[in-house]
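Structural description and commentary
Each chain, letter by letter, is given below.
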Amino acid sequence: MSVLLEVKSLDIFTGARRLVSDLSFSISAGERFGLIGESGSGKSLTAMAVTGLLPRAIRAEGSITVNGQQIVNTPERVLNSMRGRDIAVVFQEPLTALDPLMKIGRQVAIPLARRLKREGASADRAAIRRGVLELLDHVALPQPERIMKAYPHEISGGQRQRVAIALALACRPKLLIADEPTTALDVTTQAEILKLLDRLVGEYNMALMFISHDLPVVASVVNRVAVMQQGRLVETGEVNDVFAAPAHEYTRSLVAAAHAFDAYFGEAL
Ligand SMILES: Nc1ncnc2c1ncn2[C@@H]1O[C@H](COP(=O)(O)OP(=O)(O)O)[C@@H](O)[C@H]1O
Ligand SMILES: [Mg+2]
């Protein structure tokens, strides 16, 4: 499999403070990769660095290539032309991806029209309407016609996350980054969104970088994991190996916590 994303010796700083240290990993086309770690371990900063969206006060050093194109210290103008084409992101809080004042149909139409034009496909009103309805249907939203005309505050949190996923899919990215996509949702909705992501990654043949503080959640959707602690990678491996025989002390504590949770709540969850 060809390498899609390659992160090499990545450091992330704010002023003199180092927030991420010497991070290296890669994701192949179509691969499902999980990034795990406690809150504050540097997962979101890593995702932002990969998309070239680090806040102004934060600086990256090292190398991040997407399809061979360098991201670190690349001018905004170049990054802009790449965005959405190779990588799309789904965040923890769907409202960060949605404009509260714009109907959902129009919001999905914007990245869809951009992609259709790029591909030289028809992007007239009828084609876009059809594409938007199809995307809303793909993310299993009920009554796509109604949702299309709704504003974000008129639908539930789980439905908003489905819309945010539809926005990402509209770009047909080669890599989907999902940064704690289910953390803000109740347990039932969480399971539904996980199942949806699992299905869509297969259907769209995307690679997935799934970020979570929750090892069992990650393990249910990815094949390979990397574990971060305090800005450093402490362990990487196949999910089953890491679960069965965690090498690092921190990973062992995550696995023990997951088993304790299972023992308490049973297999019902
Ligand atoms: N804009 C910022 N300015 C300064 N420090 C930040 C900023 N964003 C994140 N950090 C710090 O970087 C570390 C990693 O943050 P983050 O990547 O968001 O962690 P995670 O996503 O794993 O919870 C934390 O210590 C956090 O306080
Ligand atoms: Mg985070």
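Details of the structure are given in the entry above.
We now turn to the structure provided with this report. These figures come from a predicted structure and were not determined experimentally.

1. Topic: the overall build of the chain
Looking only at helices and strands, one finds 10 helices and 10 strands in the chain. Taking 269 residues into account, the globule formula puts the C-alpha radius of gyration at 18 Å, and the chain, at 19 Å, falls close to it. With the C-alpha coordinates of the chain rotated into their principal frame, the extents come out at 55 × 50 × 35 Å. For the chain, the proportion of its 269 residues judged to be buried stands at 39%. Considering only residue pairs separated by 6 or more positions, the chain has 65% of its internal contacts joining residues 24 or more positions apart.

2. Side note on the sheet that holds strand 2 (residues 17-28)
The four strands are arranged 2-1-4-5 in an open sheet whose pairing can be described as antiparallel. Lying at the two open borders of the sheet, with one neighbouring strand each, are strand 2 and strand 5 (69-70). Here strand 1 (residues 3-14) pairs with strand 2 via eight bridges, running antiparallel. In the strand pairing of strand 2, Leu10 is matched with Leu23.

3. With respect to the sheet that holds strand 9 (residues 224-229)
Strand order in the open sheet formed by six strands is 6-7-8-3-9-10, with mixed pairing between adjacent strands. In this open sheet, the two strands that pair with only one neighbour each are strand 6 (87-90) and strand 10 (232-238). Across this sheet, the average inter-strand angle for adjacent strands is 15°, counted without regard to direction. Strand contacts of helix 6 (residues 157-170): strand 6 and strand 7 (175-179), with the helix running at about 175° to strand 6, the strand carrying the most contacts.

4. Some remarks on helix 3 (residues 104-118)
Across its 15 residues, helix 3 extends 22 Å between first and last C-alpha, which sits within 8% of the 21 Å expected from 1.5 Å per residue. Roughly 30° is the biggest bend found in helix 3, and it falls at Ile110, with proline Pro111 one to four residues downstream. Among the residues of helix 3, Ile104, Gly105, Gln107, Val108, Ala109, Pro111 and Leu112 are the ones counted as buried. Elements in contact with the buried residues of helix 3: helix 4 (125-138), helix 5 (144-148) and helix 6. Phi turns positive, to about 75°, at Gly120, one or two residues after helix 3.

5. A look at the nonpolar core
Where a protein is soluble and globular, its nonpolar side chains tend to be buried together. Of all hydrophobic cores here, the largest spans 72 residues; its most connected members are Val108, Ala166, Leu175, Leu176 and Leu208. If one sorts the elements of this core by residue count, helix 6 sits on top with eight residues. If sequence neighbours within four positions are ignored, Leu175 has contacts with Leu4, Leu5, Ile27, Asp86, Ile87, Met206, Ala207 and Met209.

Rules used throughout
Residues numbered from 1 in each chain as written. Chains lettered and ligands numbered in written order. Predicted model: local features only at pLDDT ≥ 70, side-chain atom pairs only at ≥ 80, totals over all residues. Helix = DSSP H or I, 4+ residues; strand = E, 2+ residues; numbered from the N terminus. Rg over C-alpha atoms; globule rule 2.2 N^0.38 Å. Buried ≥ 20, exposed ≤ 12 C-beta atoms within 10 Å, placed from the backbone. Contact = placed C-beta atoms within 7 Å. Pairing = 2+ DSSP bridges. Axes fitted to C-alpha atoms, helices over the stretch in contact; angles between N-to-C directions. Expected span 1.5 Å × (residues − 1). Bend = angle between axes of the 7 residues up to and from the residue. Core = buried A, V, L, I, M, F, W, Y, C linked by C-beta atoms within 7 Å.

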